[in-house]
Structures are given as C-alpha cells and as structure tokens.
Amino acid sequence: MVYLNGNFIQKDKAYISIMDRGFLFGDGVYEVFPVYGNIILGLEPHLNRLQDGLDAINIKNPHSKNEWINLINKIITLNDKNSNQAIYLQISRGCDENRKHTYGQLKPTIYIQSSGIEQRDKNDLLKGKSAITREDIRWLKSNTKATSLLANTLYAQEAKECNSEEAILYRDGIVTEASSSNVFIVKDDCLYTHPKGPNILPGITRDVAIQCAKDLGIEVREEKFTKEQLMQADEVWISSSTREILPITRVDGVSISNGHSGPFWSSVYDQYQTLKS
Ligand code: PMP
C-alpha cells in the first residue's frame, strides 16, 4: 500500500498526471526514513531536512510534523509493522496546465511508499565492499535532497557495472561524498568526513555515525580530505539510511590498508546497531 495525495491505495493503482512537475522537471524533494520494527531512526532530523529541502525550492510544507508522523506510521502499519522498512516520501511542486519552466502556486503532489531494508550480516561485511571514484560534476546545491538525481543515478549505474557498491566522488581533488551515501576515512585513529555545506547531502546517518564514534571516544574531524588521502587511509566507510555504515576495502581496484574492514568501523557499526532496538 502507498499514500498518494490523501489516499492509501495499492501501488499499481497509484497514478499521477503527466503534467506533474516532478515528472516533467524532477521538481521536488524527498526523504527516506529507516524503520526497524516500531523505531523510526532519526525521525526528527529527517523531518527537519525535509523542511530545509522544501524551503530551498520554495514549496510550502503541506503538512505539520505531526501530520507527517501520522501518515508515515500509517504506511508502516499497512506494510507489516514488524519488518524493517525504508519509507520513501516525495513532494513534487504539483501540476500546471502547460509545461513551462517557471511556476506559480501549485498544489504539491505527495507520495509515500515503503520498501524493505536489506538486512546485512556483519560477518558478510567484514571483508568490505569495493568502490570506484569519479569526478563530482553535480550542481552546487547538493545539500538539497532533490528528486532530480540524474548525475547520481549515472554514477550509481557506473559503480554497478564495475561490480562496485558505490561511486565515491571528488571535486578539485577533494572527496565530497558518494552517489547515494556519505564518505568517511580513518587515519591515525581519527575519523574524517567532509564538512556540511553545498557540496554534500547532510546525511542523517553521517550525523548518527559521528555521534556513535564520539560516544566511543573516537576523535572526529569534519574536515576535507583528498582522493590521495582516501587511497592511503587506514579505513574507508560509507553511510546512508538504507545501507547504514559499510566498510569499503577496495577503491578503483586497489586495496585500502590490508584490504579488510577495520576495528573503528567494527565498533561504530556495533554502536549503530544498538540504536535499532
Ligand atoms: N549523500 C547522498 C548523495 C545521498 O543520496 C544519501 C542518501 N540518500 C546520503 C548522502 C546519505 O544520507 P542519509 O544518511 O540521510 O540517508
């Protein structure tokens, strides 16, 4: 079951107009809420980021926080409240009479769906995943969680075709983030990740991972690092709501450190798992 513009309906009965600006221009924002049983991890920060996204593209938030929480909870219940779910929520600017770039005040189109979160076994993660690197040519508003994700989808597809988990992006030699996740390195017992700003999505999992690391007494620096530093790192991780925190042990076919996940990833991963129950 999905939610579309006021109705809870079967997914195959959910249709939008071809005049929807989400369809014509990718004119909208979205959020993904990870749900473990009855826990919505980072509910408040996800709703705050949704508000930031709407503000950034001048769409008036059609619902209060409580209304959103009720809609999300209803979708969770309708889609098996005992399972792990990724709740996808999208708001597009809505439909106009004609296709034109400019817009007036429109009624936003609201869509919410649920899909499963792949449960990965820690033992399977120990050897880590591979990634490729690509130059980051995206626009300089990557902090807005916009539905127009053409560059990101092309990077993700390239990674897939290289049998890799992710495409790690760099701009002017600085690692920004990845096609759908944030990037961390560990060097000399210190955890580094790109500072927030226009070049990265401020990942909610990024914040949670930073907090987990700090709780464990690990030094964290939200500082820029280069592609060379990435290649020379002791550990590389990516983070996202649906993939949690994953170790990357091969980049562009080259092993990171000894080619295995490291102790910092292991302890932050374990700490993260405690938040799910
Ligand atoms: N960066 C990008 C480009 C993303 O698409 C995502 C996840 N959609 C992230 C980072 C991670 O964000 P979060 O931890 O909030 O899922």
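Residues numbered from 1 in each chain as written. Predicted model: local features only at pLDDT ≥ 70, side-chain atom pairs only at ≥ 80, totals over all residues. Heavy atoms only, no water.

Colleague: Account for the overall build of the chain, naming residues and giving values.
Modeller: When you go through the chain residue by residue, the secondary structure sums to eight helices and 15 strands. In terms of overall dimensions, the chain is globule-like: its C-alpha atoms have a radius of gyration of 19 Å, near the 19 Å expected for 277 residues. Across its three principal axes, the chain shows a C-alpha extent of roughly 55 × 40 × 30 Å. Counting every position in the chain, which comprises 277 residues, the buried fraction comes to 51%. In the chain, the proportion of contacts linking residues at least 24 apart, taken out of those at least 6 apart, comes to 70%. (Helix = DSSP H or I, 4+ residues; strand = E, 2+ residues; numbered from the N terminus. Rg over C-alpha atoms; globule rule 2.2 N^0.38 Å. Buried < 20%, exposed > 50% of the residue type's maximum accessible area, 1.4 Å probe, protein only. Contact = heavy atoms within 4.5 Å.)

Colleague: Can you tell me about the domain arrangement of the chain, naming the residues and giving the values?
Modeller: According to the domain assignment, the chain consists of domain 1 (2-116) and domain 2 (122-276). For domain 1 and domain 2, the distance between their C-alpha centres works out to 26 Å. Counting from both sides, the interface comprises 22 residues of domain 1 and, opposite them, 16 residues of domain 2. The largest contributions to the domain 1 side of the interface with domain 2 come from Tyr30, Tyr36 and Arg49, which together make up 41% of the buried area. Between the two partners, domain 1 and domain 2, sit zero salt bridges. Here domain 1 and domain 2 share six residue pairs in polar contact (both at pLDDT 80 or more) between them. A class-by-class count of the residues in the side of domain 1 that touches domain 2 yields 13 nonpolar, six polar and three charged. (Domains from an automatic or database assignment. Buried area = accessible area lost by both parts, 1.4 Å probe. Salt bridge = Lys/Arg side-chain N within 4 Å of Asp/Glu carboxyl O. Polar contact = N/O pair within 3.5 Å; in protein donor to acceptor, adjacent residues only side chain to side chain. Nonpolar A, V, L, I, M, F, W, Y, C, P; charged D, E, K, R; others polar.)

Colleague: Give me helix α5 (residues 150-161): which residues, what numbers.
Modeller: Taking 1.5 Å per residue as the helical rise, α5 with its 12 residues ought to reach 16 Å, and the 17 Å between its terminal C-alpha atoms agrees with that figure. If you check which residues of α5 are buried, you get Ala151, Asn152, Tyr155 and Ala159. Projected onto a plane normal to the axis of α5, the buried residues spread over an arc of 100° and lie on a single side. Exposed side chains of α5 directed beyond 90 degrees from the buried face belong to Leu150, Leu154, Lys160 and Glu161. Buried residues along α5 sit in contact with β7 (129-135) and β8 (166-171). Directly after α5, the chain includes Asn163, whose backbone phi takes a positive value near 55°. (Expected span 1.5 Å × (residues − 1). Arc of directions from axis to C-beta.)

Colleague: Lay out helix α6 (residues 204-215) with the relevant residues and their values.
Modeller: For α6, spanning 12 residues, the distance from its first C-alpha to its last is 17 Å, which sits close to the expected 16 Å at 1.5 Å a residue. Turning to α6, its buried residues number three or more, namely Ile204, Thr205, Arg206, Val208, Ala209, Ile210, Cys212 and Ala213. Phi for Gly217, located one or two positions after α6, is positive at around 80°.

Colleague: Residues and numbers for the packing of α6 against helix α8 (residues 263-274), please.
Modeller: Working note: a packed helix pair is described by the angle between its axes plus the distance between those axes. Running from N to C, α6 and α8 cross one another at 110°; their axes reach a closest spacing of 9 Å. If you check the angle between α6 and α8, you find them roughly perpendicular. Considering only the axes of α6 and α8, their crossing is right-handed. Contacts between α6 and α8 involve Thr205, Val208, Ala209, Cys212, Ala213 and Asp215 on the former and, on the latter, Val268, Gln271 and Tyr272. Residue composition of the contact of α6 with α8, grouped by class: six nonpolar, two polar and one charged. (Axes fitted to C-alpha atoms, helices over the stretch in contact; angles between N-to-C directions. Parallel < 35°, antiparallel > 145°, perpendicular 65-115°, else oblique. Left-handed = near helix turned anticlockwise from the far one by under 90°.)

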